[in-house]
Amino acid sequence: MEKLLELKNLTTSFRIQGEFHAAVDGINLHINKDEIFAIVGESGSGKSATAVSIMKLHNPLFTRVSGEVLFNGRDLLPLKEAEMNKVRGREIGMIFQDPLNSLNPLMKIGAQIEESLIHHTDFTSAERKERAIELLNQVGIKDPERTYNSYPHELSGGMRQRVIIAIAIAVKPKLLIADEPTTALDVTIQAQILDLIRDLQKEIGSSIIMITHDLGVVAEMADRVAVMYAGQIVEIAPIQELFQNPKHPYTRSLLAAMPSNIVEGEKLNAIEGIVPPLQNMIRQGCRFAPRIPWIDASEHEENPQYHQVGENHYVLCSCHKTFRLKGE
């Protein structure tokens, strides 16, 4: 398949107390055209930092980004802000995880949707309004004209998320990044939003990067998935292969902790510990090792490498060969 986006040795470091610490540490992956690609992991794993690095939205005073972000073969990292503004919205759209904070509370919804149209099209004022109302209708808002003239605080959480999606797809970008698009929504609305994103992907022909901590969402939406932990991709595979044959201890632990995988009457499995803060991140050896202390240190690699364990299925560190869940 033809690649749309390719990340090569992407590293994003944040300045903390005068020192830079990598939140995204040398990752390599690609997204194909017309593909839904998921990045999954706990909070603090580096998922959103990866997305924001692609969009170049970090504050350069406090952030260092290196490597390559190749979009249709063009590296985005060297681009000046004016050049990057031509890419954002037009080529790459983003659905942010907190719609209330992402929308301007002082601007009406219609004006916020039209911003992208002003920058990326030559539409007249009347055409922009027509397109904005069309988008609101497209994302399933029942009274688009009323919503067009509303402020964000007048809308429900589900409606605000639909507005964010409308803004992201306004000029039909080739790549859509959805960063935890259903986090703050109830289950019914979550299902509607996921159906909407899937339908829009088919309609406008975009590729999608779906960032989530919810493996249920991944199973429902994705073609391929990368499991991210402590700034690294620890496993990457086609979706069915990952669920049927998970290899990395972190992947297996995440799947074991899913409520749907718990037998009635048994306790919910939990992963010991937490993702370490950037200042305390292990830079040598397997980063997941401290959370599985019952696995002997000799089973981990000092300098973890990727191992191919199936077709398009790769896993980091040899600890996958002998790993067992606690109690097994």
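Structure shown above.
Residues numbered from 1 in each chain as written. Predicted model: local features only at pLDDT ≥ 70, side-chain atom pairs only at ≥ 80, totals over all residues. Heavy atoms only, no water.

**With respect to the overall build of the chain**
Spelled out, the test is: Strands here are runs of E lasting at least two residues and helices are runs of H or I lasting at least four, both read from the DSSP assignment and numbered beginning at the N terminus. As a reference, a globule follows 2.2 Å times the number of residues to the power 0.38, and the radius of gyration itself is taken over C-alpha atoms. Think of it in three bands: residues with accessible area under 20% of the maximum for their type are buried, residues over 50% are exposed, and the middle band is partly exposed, with areas taken using a 1.4 Å probe on protein chains only. Residue contacts are defined here by distance: any two heavy atoms, one from each residue, within 4.5 Å place the two residues in contact. Positive charges come from Lys and Arg alone, negative charges from Asp and Glu alone, with His and the N- and C-terminal ends not counted. Charge positions come from single atoms, namely NZ of Lys, CZ of Arg, CG of Asp or CD of Glu.
Counting secondary structure elements, the chain contains 11 helices and 12 strands. Taken over the C-alpha trace, the chain has a radius of gyration of 21 Å; the compact-globule value for 328 residues is 20 Å, and the two agree within 12%. Based on the C-alpha atoms only, the size of the chain along its principal axes is roughly 70 × 50 × 40 Å. A burial count over the chain gives 50% of its 328 residues as buried. Once local pairs closer than 6 in sequence are excluded, the contacts in the chain between residues at least 24 apart make up 65%. When the 34 basic and 42 acidic side-chain charges of the chain are each reduced to a single mean position, those positions are 4 Å apart.

**Some details on the packing of aromatic side chains**
How we decide: Put simply, two rings from Phe, Tyr or Trp (the six-membered ring, in Trp's case) pair if the centres are within 6.5 Å, and we call them stacked under 30 degrees between planes, edge-to-face over 60, tilted for the rest.
Inspection of the entire model under this criterion finds three aromatic pairs. Measuring from ring centre to ring centre gives 4.7 Å for Tyr 229 and Tyr 250, while their planes differ by 50°; the resulting arrangement is tilted. Of this pair, Tyr 229 sits in strand β9 (residues 224–229) while Tyr 250 sits in helix α11 (residues 249–256), and the two are 21 residues apart along the sequence. Plain terms: the ring middles of Tyr 229 and Phe 288 are 5.2 Å apart, the flat faces sit at 85° to each other, and that makes the pair edge-to-face. With Tyr 229 in strand β9 and Phe 288 in the loop between α11 and β11 (306–310), this pair connects stretches of sequence that are 59 residues apart. The exposure classification of Tyr 229 matches that of Phe 288, with both residues buried.

**Examining the environment of Ala 38**
Its location among the elements puts Ala 38 in strand β3 (residues 36–40). On the basis of relative accessibility, which here comes to 0%, the residue Ala 38 falls in the buried class. On a C-alpha basis, the gap between Ala 38 and Asp 223 in space is 7.8 Å, while along the polypeptide they are 185 residues apart. Excluding residues within four positions of it along the chain, Ala 38 makes contact with Met 210, Val 218, Ala 222, Arg 224, Val 225 and Ala 226.

**Here's the deal with the sheet that holds strand β5 (residues 74–75)**
Applicable threshold: Strands are labelled as partners when DSSP assigns at least two bridges between them. What counts as an axis is a line fitted to C-alpha atoms, over the stretch in contact for a helix, and the angles between N-to-C directions run from 0 to 180 degrees.
If you trace the four strands from one edge of the open sheet to the other, you get β2-β1-β4-β5, paired in antiparallel fashion. Lying at the two open borders of the sheet, with one neighbouring strand each, are β2 (19–32) and β5. Pairing of strand β4 (residues 63–71) with β5 involves two bridges; the strand directions are antiparallel. Considered in β5, the bridge of Phe 71 is made with Arg 74. Relative to strand β1 (residues 3–16), helix α1 (residues 47–55) is tilted by about 110°, and along the sheet it contacts β1, β2 and β4.

**Quick word on the pattern of salt bridges**
Formally: Should a side-chain nitrogen of Lys or Arg be within 4 Å of a carboxyl oxygen of Asp or Glu, the pair is scored as a salt bridge.
Across all of its chains, the model carries 12 salt bridges by this definition. For Asp 25, the salt bridge is made with Arg 283, and the minimal N-O distance between the two is 3.4 Å. Pair noted here: Asp 25 is in strand β2 and Arg 283 is in the loop between α11 and β11, with a separation of 258 residues, a long-range link. Between Glu 220 and Arg 198 there is a salt bridge, and its shortest N-O distance comes to 3.3 Å. Of this pair, Glu 220 sits in helix α9 (residues 215–221) while Arg 198 is found in helix α8 (residues 187–204), placing the two residues 22 residues apart along the sequence. According to the relative accessible area criterion, Arg 198 is buried, its value standing at 17%. One salt-bridge network, in which partners are shared between bridges, spans Asp 25, Arg 283 and Arg 287.

**Topic: the sheet that holds strand β10 (residues 232–238)**
Strand order across the open sheet formed by eight strands is β6-β7-β8-β3-β9-β10-β12-β11, with mixed pairing between neighbours. The open sheet has two edge strands, β6 (92–95) and β11, and neither has a second partner. The sheet shows a mean angle of 20° between the axes of neighbouring strands, direction not considered. Sheet strands in contact with α8 are β3, β6 and β8 (207–212), and its direction is about 160° off that of β8. Each of β9 and β10 is contacted by α11, which is oriented at about 100° to β9, the strand it contacts most.

**A closer look at the nonpolar core**
For clarity, the threshold we go by: Note on terminology: a nonpolar core comprises buried Ala, Val, Leu, Ile, Met, Phe, Trp, Tyr and Cys residues joined through side-chain atoms within 4.5 Å.
In terms of nonpolar packing, the biggest core is built from 97 residues, with Leu 5, Ile 92, Ile 165, Ile 177, Ile 209 and Met 210 touching the most fellow members. The element contributing the most residues to this core is α8, with six residues.

**Side note on α8**
Heads up, the rule is: To estimate how far a helix should reach, multiply one less than its number of residues by 1.5 Å.
If you check α8, its first and last C-alpha atoms are 26 Å apart, about what 18 residues at 1.5 Å a residue would give, namely 26 Å. Residues of α8 that are buried: Gln 190, Ile 193, Leu 194, Leu 196, Ile 197, Arg 198, Leu 200, Gln 201 and Ile 204. Buried residues belonging to α8 abut β3, β6, α5 (125–138), α7 (157–168), β8 and α9. A positive phi of about 70° marks Gly 205, the residue just after α8.

**So, unusual backbone geometry**
For residues besides glycine, phi is generally negative; the peptide bonds are generally trans as well. Even without a glycine there, the phi angle at Asn 72 is positive, about 50°. Its place among the elements puts Asn 72 in the loop between β4 and β5. Relative accessible area serves as the criterion here: at 39%, Asn 72 is assigned to the partly exposed category. Positive phi, normally seen in glycine, also occurs at Asn 312, with a value near 60°. Following the sequence through the fold, Asn 312 ends up in the loop between β11 and β12 (313–316). Since its relative accessible area comes to 46%, Asn 312 is described here as partly exposed.

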